[in-house]
Each structure stands twice: as structure tokens, then as C-alpha cells.
Amino acid sequence: MTLLEMKKKVLGLIEELNPNHELLTDDPDIATKINDVINQIMFELARIKKIPKYVEMMVNQGGVVTFEDIEKECGYEIYQLGTVCGVNYIPKANGTVLKILETGTAEIDCYVYPERITEKTKDKAYEFELSNDVLEIMPYGVAGDLLKSDVSTEYGKIYEARYKEMIAQLDPRH
């Protein structure tokens, strides 16, 4: 699913979709904050149903491997290590640093954050890396956050409640 498709789902859900408008909505407040809100909900969901990545790194005995080193290899911001195979190591700093005990190829399974969405992100070019079940939940979280400051209606709370209900039923396994 692209960012454009997600925006259409969200804006259609909250009845703010105007397909003839360049920003897909006539509401300037929603247009201004929709990318930030989508990014926030996407990161939240990525911590629940993780995005796994596999990295192979040449390492040397006595060396240290940090999250930053792994991020350079895989091109993503990592937030948790899974397993490390291929070389002996000692985890340090709560598992965020690996002290390498032998030279070889470290096979690293880790969990990463998706590519960040900014105001410069192209709607048609951005493809979500989340699984389809998560992408079906996401519009409710985005809708809840977009409408939470609208005190004249309770729609924000309704969408947020539905989002939390759907998250509770989400299977975090792949």
C-alpha cells in the first residue's frame, strides 16, 4: 500500500476526502498534520508487529558492533537485536553493543523501524513495509489522532477505541 492509498483510506473514513483537491482534503489542519500522524501510528504498530531484517557483517576479533554499525549495513534504524550467529560474541550495554570474540561473518537478525514519513515524502512513491493486517488497523489510529482535538464531536474517541480493540486482536507473529 502506498502513502497515497493510506491517506485516501483515512480521509474517506473521517469524511474529509476531496479527490479533486491537491492535498486530498479541504481541511488545512488535517492536511498539515496527516503525514506526522501517519508516521507516529506506523512506528507504534511497527513495535507491536515488528519488521524483521537480516544483516551479514564481516567482524574482527576484539571488535565492537553497535546499533549504528548494523544500521549502516542494513540501511534502517534498528531498535532491537534478535539473534546473532556465525561468531562468538558477548552482549554489552543491555544488548545494544556486541563484543566480538572471533573473526568471521556475523549473521544478525534485528528489528527495524520503517522508513520515516516526512512532509517531503512522495505519496505515490512511498510503500509501507508493514504487513497487510497492520495496514488495515492503521487508518483507525490515524483517524483517532487526527480528530482527538475536535471536542464538538466524539469521533476521535470512537476511532481510537476501535483502533485499540483491533490492536488487542492483532497477532504479532509473522
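Residues numbered from 1 in each chain as written. Predicted model: local features only at pLDDT ≥ 70, side-chain atom pairs only at ≥ 80, totals over all residues. Heavy atoms only, no water.

Peer 1: Explain the side chain of Asn35 to me, and be specific about the residues and the numbers.
Peer 2: Position of Asn35 relative to the elements: it lies in helix H2 (residues 28-48). A relative accessible area of 3% means that Asn35 is categorised as buried. Each residue touching Asn35, except ones within four places of it in the same chain, is listed here: Leu3, Lys7, Ile117, Thr118 and Glu119. (Helix = DSSP H or I, 4+ residues; strand = E, 2+ residues; numbered from the N terminus. Buried < 20%, exposed > 50% of the residue type's maximum accessible area, 1.4 Å probe, protein only. Contact = heavy atoms within 4.5 Å.)

Peer 1: Give a description of unusual backbone geometry that names residues and reports values.
Peer 2: Backbone geometry at Glu15 places phi at a positive 60°, although glycine is not the residue there. Tracing the chain through its elements places Glu15 in the loop between helix H1 (3-13) and H2. A residue is classified by how much of its surface remains accessible, and Glu15, at 71% relative accessible area, is exposed. Located in the positive-phi region is Leu24, a residue other than glycine, with phi close to 70°. By secondary structure assignment, the location of Leu24 is in the loop between H1 and H2.

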